[in-house]
Amino acid sequence: EIDHEVLLKETRKYINDEKVIRLITMWLKADVVYKGRRTRLTKGVPQGSPISPLLSNLYLDAFDETLMKARYKHVRFADDFIILCKDRPDAEDAIELTEDALKKLRLSLNHDKTRLTNFNEGFKYLGMKFLRSMIFRPIYDDKSEIEKEPASPPIITERKKTVINPRVPDLPDTVMAEAFEDAIKDSGEDNLDSFFQEKPEIEPSVSKNPFLRTLYLLEQGSVLAKEDERFRILKDKVAIKVIPAIKVDQVIIFGNIQMTTQAMKFCLEKDIPVILLSSRGRYFGEISSFKITNVGLHKRQFEIAANEALSLEIGKAIVKAKINNSKVIIQRYGRKRRHLHFESEVQKMNLMLNKVPRALMRDELMGVEGAASARYFSALRTLLGDGWDFKKRQKRPPPVHVNSLLSYGYTLLFYNIYAMVRMHGLHPYIGFLHMLRDGHPALVSDILEEFRAPVVDAIVISLILRGSIKKKDFLLPRDSGSPCLLKGDARKIFIRAFENKMNSSISHIPTGHHVDYRRCIDLQVQGLRQTIEGKLEKYEPMMIK
């Protein structure tokens, strides 16, 4: 049975709020009423409690890690588990390892309910029967065993453990197995194992998770290491943070931060891109396996980019969305600040919107976009006030505070989009609006245009107007060629605001779905891919309201 002291010690590794710990303790020690008798648990967790499965999995996490570290494949549901082994000696070693791992958790195996078996003999797990190559639900002649009530209060305890030696028979000896053999002959497969493997689609989606989760590393002098299935961030050889690897889809490293060979190999094996930036956000490069290749899709992408008419139509959609989204942001803030009189800028941006469909060439389209941006940043200057010395948008290098914030935010958003573009198999360097040039991911810049105002600009405006970031949070340039830089603590404030924004919800107009911004961007990347493939007649941009 679960030891409360060990459980709470493990819980404190993840929760440093004593109020929450106290609440969990009260939950564990709550009275259980069973058959009219009140009992207080000293071990175990109440069965049926909504938090019990979570606590049980947390308690047995170290057990799972021990088996995985020893390269055993296992399946566990609550305290019921099976371990898959190559042969009987391997299975006997697994039992010994299991006993040692459970002993450290003050648990023990119930040897009366633990056995070695194989697929020829068959076994039951979670109510299902596994026999040879078949899985089915047993039909019980005597239901008394199922319906019998437990003789003790409902707590989670050690139950049946099964260690399995998987072995598929050479010849079938059941009617169903014979049917499988006939199907295998018809399919051309060699054996049951290959027959049961899920077949991929002709062109499988390369997206592993639409909700991209990014690990930002900003602590200078720290080290990203990997142990078992976890990332460990070390500073002076002390772990300052431990993150399950399954929660990370990409890593962005800022400045002087090291990465162990094991962590690097793991990222390459799992297709987790690692983006390397300077401590101020300047791009250095990427560590990537580049396993994702879609030659046919890339060929079509090149063809559209080379076709002026087709690429212009996609570019028009993107520019239309950018101007609209910028205008909407100004309108939102203008509703409560009528004294700022944004009517003139909004009217001129509407004029530019009307010119977008009539653009005949890319240069003309970019001229319309530039004129609209000038009116937008003029309104932004008025909104932020004279105290921030913001006159116009300047990029390389950003000379003043607001430009520094904008550039920093665009960098974060850019590489989030970059990862999604790669996840969906598109070529990041072949775009339709921005000119193709060496070293510039033009397609990423194209998609970025739709989200500059609603994501990054909205964050910058909010942080400044609320006073979350002040002018003292910047390092001013020493000469005219140097950038204005955001200080360390302020960068953390900005990244926290950025993540909150990306996790906030929005209505995705093209599909009508209510999603967060990451999923919204992902849907736009998917829509662009479908347009390139010819599955959509035209690309529909993301236009906020």
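Structure first, text after, so check above.
What you see is a predicted model, and the numbers here were worked out from it, not measured in a lab.

On the basis of which strands lie adjacent, the open sheet formed by 4 strands has the order β10-β14-β16-β17 and mixed pairing. In this open sheet, the two strands that pair with only one neighbour each are β10 (214–217) and β17 (283–287). This sheet shows a mean twist of 15° between the axes of neighbouring strands, independent of strand direction. This element, helix α14 (residues 401–423), spans β10, β14 (250–254), β16 (274–277) and β17 of the sheet and lies at about 150° to β14.

What follows deals with unusual backbone geometry. Only a minority of non-glycine residues have a phi that is not negative, and only a minority of peptide bonds are not trans. Notably, Arg71 is not glycine yet its phi reads approximately 70°, a positive angle. With respect to the helices and strands, the residue Arg71 is situated in the loop between α4 (61–69) and β3 (73–77). At His341, a position not held by glycine, the phi torsion is positive, near 55°. Topologically, His341 is positioned in the loop between α11 (308–334) and α12 (343–355). In this structure His341 comes out as exposed when scored by relative accessible area, which is 53%.

Okay, the sheet that holds strand β12 (residues 230–235) next. Whenever strands of a sheet pair, they do so through backbone hydrogen bonds, lying parallel or antiparallel. An order of β13-β12-β11-β15 is seen for the 4 strands of this open sheet, with the pairing classed as mixed. Each edge of the sheet is formed by a strand with only one pairing partner; in this case those strands are β13 (238–244) and β15 (258–259). Where helix α9 (residues 261–269) meets the sheet, its contacts fall on β11 (223–227), β12 and β15, and the angle it forms with β11 comes to roughly 70°.

If you walk through the whole model with that rule in mind, you get 7 aromatic pairs. Here Phe231 and Phe266 contribute two aromatic rings whose centre-to-centre distance is 5.6 Å and whose plane-to-plane angle is 85°, an arrangement assigned as edge-to-face. Of this pair, Phe231 sits in strand β12 while Phe266 sits in helix α9, and the two are 35 residues apart along the sequence. On the numbers, 5.7 Å between centres and 80° between planes, the contact of Tyr408 with Phe494 is edge-to-face. Here the residue Tyr408 occupies a position in helix α14, and Phe494 occupies one in helix α16 (residues 488–502), the gap between them amounting to 86 residues. Aromatic ring contacts, followed pair by pair, group Phe254, Tyr408 and Phe494 into a single cluster. A cation over an aromatic ring shows up here: Arg452 above the ring of Tyr410, its NZ or CZ 4.5 Å from the ring centre.

So, how was this worked out
Residues numbered from 1 in each chain as written. Predicted model: local features only at pLDDT ≥ 70, side-chain atom pairs only at ≥ 80, totals over all residues. Heavy atoms only, no water. Pairing = 2+ DSSP bridges. Helix = DSSP H or I, 4+ residues; strand = E, 2+ residues; numbered from the N terminus. Axes fitted to C-alpha atoms, helices over the stretch in contact; angles between N-to-C directions. Contact = heavy atoms within 4.5 Å. Buried < 20%, exposed > 50% of the residue type's maximum accessible area, 1.4 Å probe, protein only. Phe/Tyr/Trp six-rings, centres within 6.5 Å; stacked < 30°, edge-to-face > 60°. Lys NZ or Arg CZ within 6 Å of the ring centre and 35° of its normal.

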